[in-house]
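# Working through the structure, step by step
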Amino acid sequence: MRPYTDRVALSDGATIRVRVERGAMGHVMLHELNSNNWRGGGRILWYGERLHLMFGDEPHAMQNPRFEFAGTVEEAAEKALAFFVECAETCIQHAKHEGVDISACYTN
């Protein structure tokens, strides 16, 4: 497995990819890397074929059937990428609809 997924372009011109960080105990942390957010993005933990969205240091099992399980690290990384892209695009579309500057999607 490569340490990064391929980049995906968002509708606002930013790109997202996922960095794969393997843990000592068999778990994998999947880090969102967004070209418009230098502070970093979300994290998803893959452990025992289950994906967990991280809130701080607390893992919360994914509830969406499209993102709940992955059989391999590669599949987990691709599902994490799809999740992060979907979240970013939803924020971008909402900002456009509300007339909010899209840069607000990449700040607090």
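These notes cover the structure that comes with them.

## Digging into the side chain of E32
- Among the secondary structure elements, E32 is positioned in strand β3 (residues 28–34).
- One polar contact links the side chain of E32 to the main-chain amide nitrogen of G42, over a distance of 2.7 Å.

## So, the nonpolar core
- In terms of nonpolar packing, the biggest core is built from 28 residues, with L10, L30, I44 and W46 touching the most fellow members.
- If you list the elements that add at least two residues to this core, you get β2 (15–22), β3, β4 (43–47), β5 (50–55) and α1 (73–98).
- Counting residues per element, this core draws most heavily on α1, at eleven residues.

## Re the pairing of β3
- By the criterion of burial, β3 is predominantly enclosed, with six of the seven residues buried.
- Inspection of the sheet shows β2 paired to β3 by seven bridges, in the antiparallel sense. Counterpart to R22 in the pairing with β3 is V28.
- As paired strands, β3 and β4 are joined by four bridges and run antiparallel to one another. Looking at the pairing, V28 lines up with W46 of β4.

Cut-offs and rules
- Residues numbered from 1 in each chain as written.
- Predicted model: local features only at pLDDT ≥ 70, side-chain atom pairs only at ≥ 80, totals over all residues.
- Heavy atoms only, no water.
- Helix = DSSP H or I, 4+ residues; strand = E, 2+ residues; numbered from the N terminus.
- Polar contact = N/O pair within 3.5 Å; in protein donor to acceptor, adjacent residues only side chain to side chain.
- Core = buried A, V, L, I, M, F, W, Y, C linked by side-chain atoms within 4.5 Å.
- Buried < 20%, exposed > 50% of the residue type's maximum accessible area, 1.4 Å probe, protein only.
- Pairing = 2+ DSSP bridges.

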